[in-house]
Amino acid sequence: MVNLLISQLLWSHFGSEVGMAVLAWLLIPLVAAVGAGLWGSWANRTRRVRGDGPELDGYARFRAAMERSHTGS
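Computed from a predicted model, the values in this text were never measured in an experiment.

Help me understand the overall build of the chain, please; the structure alone is not making it clear to me.
Scanning the chain from terminus to terminus reveals three helices and zero strands. Counting from the amino terminus, helix and strand elements in the chain follow one another as α-α-α. Looking at the chain as a whole, 1% of its 73 residues are labelled buried. Entry remark: accessible area of the chain is about 7,100 Å², with carbon and sulfur atoms responsible for 68%.

Structural data, given as structure tokens:
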């Protein structure tokens, strides 16, 4: 009850500037939460499953090239 009376006094004294400031401070976390939700859903999207074939083929070529590069100095 006392908090309600204090808030009524503040609204009548400060006017709409306080209301806009409160609204702005409440919108900041709301926008951040919506942005985090969108980013989370984008980061967790399903991707095409690709095998390890190209990576393993590249590694095998790398090992073969490294074994050939020894000239015996």
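What am I meant to see in the packing of aromatic side chains here?
Describing an aromatic ring pair means giving the distance of the ring centres and the angle of the ring planes. Summed over the entire model, instances satisfying the criterion amount to zero aromatic pairs. Against the face of W42 rests R45, its NZ or CZ located 4.3 Å from the ring centre.

Looking at this structure, I do not really get the pattern of salt bridges. What am I missing?
Applying the stated criterion to the full structure yields one salt bridge. The partner of E67 in a salt bridge is R63, and the shortest N-O contact between them spans 4.0 Å. Pair noted here: E67 and R63 are both in helix α3 (residues 53-68), with a separation of four residues, about one helical turn. Take E67: its relative accessible area is 55%, and that puts it in the exposed class. For R63, a relative accessible area of 42% puts it in the partly exposed group.

Calculation rules
- Residues numbered from 1 in each chain as written.
- Predicted model: local features only at pLDDT ≥ 70, side-chain atom pairs only at ≥ 80, totals over all residues.
- Heavy atoms only, no water.
- Helix = DSSP H or I, 4+ residues; strand = E, 2+ residues; numbered from the N terminus.
- Buried < 20%, exposed > 50% of the residue type's maximum accessible area, 1.4 Å probe, protein only.
- Areas by Shrake-Rupley, 256 points an atom, 1.4 Å probe, with all protein chains shown as cover.
- Phe/Tyr/Trp six-rings, centres within 6.5 Å; stacked < 30°, edge-to-face > 60°.
- Lys NZ or Arg CZ within 6 Å of the ring centre and 35° of its normal.
- Salt bridge = Lys/Arg side-chain N within 4 Å of Asp/Glu carboxyl O.

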